[in-house]
Amino acid sequence: MNKPQILIVEDDNAVASLIATTLETQDYQYKCAKTGASAVMEALTYKPDVMLLDLGLPDMDGVEIISKIRAWSNMPIIVVSARSEDSDKVMALDAGADDYLTKPFSVDELLARLRVALRRVRYDSQRLSEEASVYENGGLKIDYAAGCVFLDGEEIHLTPIEYKLACLLAKNTGKVLTHNYILKEVWGSPTASDVQSLRVYMAMLRKKLEKDPANPQYIQTHIGIGYRMLRHQ
């Protein structure tokens, strides 16, 4: 199996070195870029499996880089940034980032987030026809063609909106989806007042999908930001 290829976009030599050393311990291949311009060029030529992106680069803001990459690639982008405000996270995730890790970060957490992103890459590459396929994740199964959802072999009945939410999360497994993104995809127009409605629908969906809604195994909440479907082996 080919070694995963990671692009590190970081202008702080100490942080870049830490990440590079961490990747070496896991036998990942990697390249480094210190500017936004070189990051975009490396993404085009190196074709990495995952990009680790610092937002504060000398020539270009990281959010702009995400937007440029998303114009032609669906490669997972994990932001690794000192910016810890929810607004910064939402801006990066809305632009198309998959995940957000705040500095200082633990090496173990970085590797865990990378594994999630790489599983999504493998899952996407194996999925031949998104609409005609069957989604399986642990005990959760969605038959897109039939419009049916099963949990541990039992069919569960979802309302149309609950079904849309489940499919949207499933098709982006491992990726944090912001409130705005979900509202736009499911309802068509995101407005701040709709976030409360979204929370209500997510609570109802959780009651049907989770054995213990207070300790969810499938739908993870990122407070103030959005939701993520967790991938099970």
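The coordinates are above.
Bear in mind the structure is a predicted one, so any value in this text is a computation, not a measurement. Throughout this document, residue positions are counted from 1 along each chain, in the order its sequence is written. For a predicted model such as this one, the threshold for reporting local features is a pLDDT of at least 70, and the threshold for listing and counting side-chain atom pairs is 80 or more; totals across whole chains, interfaces and linings nevertheless cover every residue. Calculated side-chain values reflect all of the structure's heavy atoms, with hydrogen atoms and water omitted.

Asker: Help me understand the overall build of the chain, please; the structure alone is not making it clear to me.
Answerer: Helix and strand counts for the chain stand at 8 helices and 12 strands. Computation of the radius of gyration draws on C-alpha atoms alone. For the globule rule, the value is 2.2 Å times the number of residues to the power 0.38. The C-alpha radius of gyration of the chain comes to 18 Å, within 12% of the 17 Å expected for a compact globule of 233 residues. For each residue, the accessible area found with a 1.4 Å probe, counting protein chains only, is set against the maximum for its type, and the residue is called buried under 20%, exposed over 50%, and partly exposed in between. The proportion of buried residues among the 233 residues of the chain is 46%. In summary, the charge assignment counts Lys and Arg as positive and Asp and Glu as negative, without counting His or the chain termini. We put the charge of a Lys on NZ, of an Arg on CZ, of an Asp on CG and of a Glu on CD. Taking the average place of the 27 positive charges on the side chains of the chain and the average place of its 32 negative ones, the gap between the two points comes to 2 Å. A run of H or I in DSSP counts as a helix once it spans at least four residues, and a run of E counts as a strand once it spans at least two, with each numbered from the N terminus.

Asker: Would you take a moment to explain a nonpolar patch on the surface for this structure?
Answerer: Nonpolar side chains collect at one region of the surface, where Met41, Leu44 and Trp72 lie side by side and expose about 310 Å² of accessible area between them. Note on placement: leucine 44 falls in helix α2 (residues 36-46). Residue classification places leucine 44 among the partly exposed residues on the basis of a relative accessible area of 40%. By definition, no residue in a patch forms a salt bridge, and every one has over 30% relative accessible area; like charges are joined within 9 Å, nonpolar side chains (Val, Leu, Ile, Met, Phe, Trp, Tyr) within 5 Å. Residue exposure ignores everything except the shown protein chains as possible cover, and the areas themselves are Shrake-Rupley values with a 1.4 Å probe. Between Lys or Arg on one side and Asp or Glu on the other, a salt bridge is scored when a side-chain nitrogen of the former is within 4 Å of a carboxyl oxygen of the latter.

Asker: So what exactly am I meant to see when it comes to the packing of aromatic side chains here?
Answerer: Each aromatic ring pair is characterised by the separation of its centres together with the angle its planes make. Each pair of aromatic rings taken from Phe, Tyr and Trp, with Trp reduced to its six-membered ring, is defined by centres within 6.5 Å and is described as stacked if the planes are under 30 degrees apart, edge-to-face if over 60, and tilted in the remaining cases. If you walk through the whole model with that rule in mind, you get 1 aromatic pair. On the numbers, 5.5 Å between centres and 50° between planes, the contact of tryptophan 187 with tyrosine 201 is tilted. Of this pair, tryptophan 187 sits in the loop between α7 (179-186) and α8 (194-209) while tyrosine 201 sits in helix α8, placing them 14 residues apart in sequence. When its relative accessible area of 32% is taken as the criterion, tryptophan 187 is described as partly exposed. A cation sits over an aromatic face here: lysine 141 above phenylalanine 150, 5.6 Å from the ring centre. Looking at lysine 171, its charged tip hangs above the ring of tyrosine 144, at a distance of 4.5 Å from the centre. For a Lys NZ or an Arg CZ to count as sitting over a ring, it must be within 6 Å of the ring centre and within 35 degrees of the ring normal.

Asker: Quick question: what am I supposed to make of the nonpolar core here?
Answerer: One broad trend across soluble globular proteins is that nonpolar side chains are buried collectively. Leu140, Ile142, Val149, Leu169, Ile182, Leu205 and Ile219 are the most contacted members of the largest nonpolar core, which totals 28 residues. For this core, the secondary structure elements donating two or more residues are β7 (140-143), β8 (148-151), α6 (160-171), α7, α8 and β12 (226-229). No other element matches α6, which puts 7 residues into this core. Leaving out residues up to four positions away in the same chain, isoleucine 182 has contacts with Leu165, Leu168, Leu177, Trp187, Leu198 and Tyr227. Joining through side-chain atoms within 4.5 Å is the link that ties buried Ala, Val, Leu, Ile, Met, Phe, Trp, Tyr and Cys residues into a set, and such a set is a nonpolar core. Note on contacts: a residue pair qualifies if any of its non-hydrogen atoms lie within 4.5 Å across the two residues.

Asker: Explain the environment of tyrosine 30 here, please?
Answerer: Within the secondary structure layout, tyrosine 30 lies in strand β2 (residues 29-33). Residue tyrosine 30 is classed as partly exposed on the basis of its relative accessible area of 27%. Considered as a pair, tyrosine 30 and aspartate 54 are 24 residues apart in the sequence and their alpha carbons are 15 Å apart. Sequence-distant contacts of tyrosine 30, defined by excluding residues within four places in its chain, comprise Ile6, Ile8, Ala20, Leu23, Glu24 and Tyr46. Within the structure, the side chain of tyrosine 30 is placed 2.6 Å from the side chain of glutamate 24, a separation counted as a polar contact. Each polar contact in these results corresponds to two N or O atoms within 3.5 Å; when the atoms are within protein, one needs to be able to donate a hydrogen and the other to accept it, and residues that are neighboring in sequence are counted only if both atoms are side-chain atoms.

Asker: Just to check I follow, could you spell out the sheet that holds β7 for this structure?
Answerer: Read across the sheet, 4 strands follow the order β6-β7-β8-β9 without closing on themselves; strand pairing throughout is antiparallel. Every other strand in the sheet has two partners, leaving β6 (134-137) and β9 (154-156) as the edge strands with one partner each. Strand after strand, the sheet turns through a mean of 25° between neighbouring axes, direction not considered. Here β7 pairs with β8 via 4 bridges, running antiparallel. Within the sheet, the bridge partner assigned to isoleucine 142 lies in β8 and is valine 149. Simply put, an axis is a line fit to the C-alpha atoms, just over the touching stretch for a helix, and the angle between two N-to-C directions goes from 0 to 180 degrees. With respect to the sheet, α6 is in contact with β6, β7 and β8, its orientation differing from that of β7 by roughly 105°. Along the sheet, α8 makes contact with β7, β8 and β9, crossing β8 at roughly 55°. Strands are treated as partners if at least two bridges between them are detected by DSSP.

Asker: What is the right way to look at the side chain of arginine 206 in this model?
Answerer: Following the sequence through the fold, arginine 206 ends up in helix α8. The buried charged residue arginine 206 lacks any salt bridge, with glutamate 210 as its nearest oppositely charged partner at 4.5 Å.

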